[in-house]
Structure formats: C-alpha cells, structure tokens
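Chain by chain, the residues run as shown.
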Amino acid sequence: MNPQEMEQRTALAEAGLHGMLLAQDVEATRQWLSPALFFTDASGHWQGAHPCLLAWAARRLHVVAIEQGAIEYLACGQLLLAASDVCLVYTAHGCEQVRHLRLLRVWARCSSPAGVHLLSVGILPARGA
C-alpha cells in the first residue's frame, strides 16, 4: 500500500469512526481500534485507556458532534500520523460541554478489511488555545 492509498484508507476509517462515536456503537468502534491502543496527554504522559473513551463505552458520555479541521498526514513505513484540530461536543452528567483539541493519531497498516487500525492518540491543546 503506498502512502496516498494509506491516507485514503485512513480518511475512510476516521469518517467511519466518527459515525460510530456519534451513534454510540461501542462494538463496531472496538473493531477499528488496535488492542494496544494508548493515549498520551499534552505533556506526553502515557494514559492507557482515555477516561472519556471509557465513559463513552459505559454510556456515561454521549458524543453530540465532531467538527474536524484540515488533516495533515505524515507517512513513515507501516504507520501514518494524522494531525488535526477537533471540536468535540458531548453531554456528560446532563450537561453539554465543548472541547477544542489537537489530536495526533497514529494509524498502522493491518490485515483487516479496512487495511488500517488506530494505534495511538495524542491529545494536545488546539492551536491558538
């Protein structure tokens, strides 16, 4: 798979993942995620499973909207880094909240029908924040 094809597959995977997050489809979402998925915070500290994703999977948090800015890609062998600013609107504990983030996602080639899975997510403040 060449870098352009991997970008296309990743874009399709991210669009599908956004739809699954909005639909609260926990089982389908797990199929896109690497079993070794991990998160890092703005300081680069490893978080393992992110508390928001755990709350979402337990249905304590509901994603209302995901607005994503332009995606920048960097391919390196079997990996593809995707970076973009994201506005996430969600409800938790009966209150709607908005978070502006910069997400760095590492996608890896795999043998699944999609050809990629999400390996890592870095969560940073949005640019200009």
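Remember, predicted model here, so these are calculated numbers, not experimental data.

### Observations concerning the overall build of the protein
Step number 1: Regarding its fold elements, the protein presents three helices and seven strands.
Step number 2: N-terminal to C-terminal, the α/β element order of the protein is α-α-β-β-α-β-β-β-β-β.
Step number 3: For a compact globule of 129 residues, the expected C-alpha radius of gyration is about 14 Å, and the protein comes in at 14 Å, within 12% of that figure.
Step number 4: Over its C-alpha atoms, taken along the principal directions, the protein stretches across nearly 45 × 35 × 25 Å.
Step number 5: By residue count, 37% of the 129 residues in the protein fall in the buried class.
Step number 6: Put simply, 52% of the contacts in the protein that link residues at least 6 apart link residues at least 24 apart.
Step number 7: Just so you have it, the protein exposes about 7,200 Å², and 59% of that area is on carbon and sulfur atoms.
Step number 8: Positive and negative side-chain charges of the protein, numbering 9 and 10 respectively, have mean locations separated by a distance of 4 Å.

### So, the state of the cysteines
Step number 1: Inspection of the entire model under this criterion finds zero disulfides.
Step number 2: Here Cys52 is not cross-linked by a disulfide; its sulfur's nearest cysteine counterpart is in Cys87, at 14 Å.
Step number 3: Summary of cysteine pairing: Cys76 is not part of a disulfide, and the nearest cysteine sulfur, belonging to Cys110, is at 17 Å.
Step number 4: Note on Cys76: relative accessible area 56%, which makes it exposed.

### Some remarks on the environment of Arg102
Step number 1: Examined against the element boundaries, Arg102 turns out to sit in strand E6 (residues 95-109).
Step number 2: Classification of Arg102 by relative accessible area gives buried; the value is 9%.
Step number 3: When the C-alpha atoms of Arg102 and Met6 are compared, they prove to be 21 Å apart, with 96 residues separating the residues in sequence.
Step number 4: Aside from chain neighbours lying at most four places away, what touches Arg102 is Glu72, Ala83, Ser84, Asp85, Gly122, Ile123, Leu124, Pro125, Ala126 and Arg127.
Step number 5: Reaching out from Arg102, the side chain makes a polar contact with the side chain of Asp85 at a distance of 3.4 Å.

### A few points about the nonpolar core
Step number 1: Core analysis: the largest hydrophobic core is formed by 28 residues, its most contacted members being Trp107, Leu118 and Val121.
Step number 2: Sorting the residues of this core by element identifies helix H1 (3-23), helix H2 (26-32), strand E1 (33-40), helix H3 (51-57), strand E3 (61-68), strand E5 (79-92), E6 and strand E7 (116-125) as the ones contributing at least two each.
Step number 3: Those residues in contact with Val121, other than ones at most four positions away along the chain, are Leu37, Phe38, Phe39, Thr40, Leu103, Leu104 and Arg105.

### Quick word on the pairing of E5
Step number 1: When E3 meets E5, the two strands line up antiparallel, connected through seven bridges. Paired with Gln68 across the strands is Val86, a residue of E5.
Step number 2: Looking at chain direction, strand E4 (residues 72-76) and E5 are connected through five bridges and run antiparallel. Following the sheet pairing, Ala75 is matched in E5 by Leu80.
Step number 3: Where E4 folds back on E5, the antiparallel hairpin that results is connected by two residues, among which Gly77 adopts a positive phi of roughly 60°.
Step number 4: Pairing geometry for E5 and E6, over 14 bridges, is antiparallel. Residue pairing across strands places Cys87 opposite His100, the latter belonging to E6.

Conventions adopted
- Residues numbered from 1 in each chain as written.
- Predicted model: local features only at pLDDT ≥ 70, side-chain atom pairs only at ≥ 80, totals over all residues.
- Heavy atoms only, no water.
- Helix = DSSP H or I, 4+ residues; strand = E, 2+ residues; numbered from the N terminus.
- Rg over C-alpha atoms; globule rule 2.2 N^0.38 Å.
- Buried < 20%, exposed > 50% of the residue type's maximum accessible area, 1.4 Å probe, protein only.
- Contact = heavy atoms within 4.5 Å.
- Areas by Shrake-Rupley, 256 points an atom, 1.4 Å probe, with all protein chains shown as cover.
- Lys, Arg positive; Asp, Glu negative; His and termini not counted.
- Charge placed at Lys NZ, Arg CZ, Asp CG, Glu CD.
- Disulfide = S-S within 2.5 Å.
- Polar contact = N/O pair within 3.5 Å; in protein donor to acceptor, adjacent residues only side chain to side chain.
- Core = buried A, V, L, I, M, F, W, Y, C linked by side-chain atoms within 4.5 Å.
- Pairing = 2+ DSSP bridges.

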